[in-house]
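Secondary and tertiary structure notes
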Amino acid sequence: QVSVVESGGGLVQPGGSLTLSCAVSGSIFSFNGMSWYRQVAGQERELVANSIRNYSPTYAEFVKGRFTISTDTNKNVVLLQMTSLKPDDTAVYYCSVDRWDSGRRLIYWGQGTQVTVSS
């Protein structure tokens, strides 16, 4: 079983920055894709950033130029660096990693970390 644990959420003022961390059990190289999603209560979960092996990262329009997804392969961690935060960025942020196994795509989710942008 794969463990995915997010951390780094909290309260930040508008215009501020925050870096979320996603610790994954096992080698990060064993996964094909790493993603960050977010969800506001009562709304659908939406993709924020996605990184697939051998491809450039992709971002939702609403975070382009402000958020950056990256990996620390030494620590098996997926990072989401968030800058110029807005109140609309308030949500629970989820990390997911996926890999292929015998033709099936397996997706593993974390429990989420709350980000609140407010003055």
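Predicted model, so just to flag it, every value in this text is computed and none were measured.

Re unusual backbone geometry
Unlike most non-glycine residues, Ser 84 shows phi in positive territory, near 45 degrees. Position of Ser 84 relative to the elements: it lies in the loop between strand 8 (77-82) and strand 9 (91-101). With relative accessibility at 39%, the residue Ser 84 sits in the partly exposed group. Of note in the backbone geometry, Ser 102 takes a positive phi value of approximately 55 degrees without being a glycine. Structurally, Ser 102 is set in the loop between strand 9 and strand 10 (104-109).

Side note on the sheet that holds strand 1 (residues 4-7)
Spatial ordering of the open sheet is given by 1-3-8-7, a layout of four strands whose pairing is antiparallel. Each edge of the sheet is formed by a strand with only one pairing partner; in this case those strands are strand 1 and strand 7 (67-72). The sheet shows a mean angle of 15 degrees between the axes of neighbouring strands, taken without regard to direction. In terms of strand pairing, strand 3 (residues 18-24) meets strand 8 through six bridges, oriented antiparallel. Within the sheet, the bridge partner assigned to Leu 20 lies in strand 8 and is Leu 80.

Some points on the nonpolar core
Note on soluble globular proteins: their nonpolar side chains tend to be buried together. Trp 36, Val 78, Leu 80, Met 82 and Tyr 93 are the most contacted members of the largest nonpolar core, which has 29 residues in total. Listing elements by their share of this core, those giving two or more residues are strand 3, strand 4 (33-39), strand 5 (46-52), strand 7, strand 8, strand 9, strand 10 and strand 11 (113-117). In contact with Val 78, not counting residues within four places along its chain, are Leu 20, Ser 21, Cys 22, Val 24, Ile 28, Met 34, Trp 36, Ile 69, Ser 70, Thr 71 and Cys 95.

Side note on the pairing of strand 1
Every second residue of strand 1 is oriented toward a common face, the buried set being Val 4 and Glu 6 and the non-buried set Val 5 and Ser 7. With four bridges connecting them, strand 1 and strand 3 associate as antiparallel partners. Of the residues in strand 3, the one forming a bridge with Ser 7 is Ser 21.

A look at the state of the cysteines
A covalent bond between the sulfur atoms of two cysteines is what we call a disulfide. Summed over the entire model, instances satisfying the criterion amount to one disulfide. What pairs with Cys 22 in a disulfide is Cys 95, and their sulfur atoms sit 2.1 Å apart. The chirality of the disulfide connecting Cys 22 with Cys 95 is left-handed, given an S-S dihedral of about -75 degrees. Of this pair, Cys 22 sits in strand 3 while Cys 95 sits in strand 9, placing them 73 residues apart in sequence. Judged by relative accessible area, Cys 95 falls into the buried class, the value being 0%.

Reading the values: the criteria
Residues numbered from 1 in each chain as written. Predicted model: local features only at pLDDT ≥ 70, side-chain atom pairs only at ≥ 80, totals over all residues. Heavy atoms only, no water. Helix = DSSP H or I, 4+ residues; strand = E, 2+ residues; numbered from the N terminus. Buried < 20%, exposed > 50% of the residue type's maximum accessible area, 1.4 Å probe, protein only. Pairing = 2+ DSSP bridges. Axes fitted to C-alpha atoms, helices over the stretch in contact; angles between N-to-C directions. Core = buried A, V, L, I, M, F, W, Y, C linked by side-chain atoms within 4.5 Å. Contact = heavy atoms within 4.5 Å. Disulfide = S-S within 2.5 Å.

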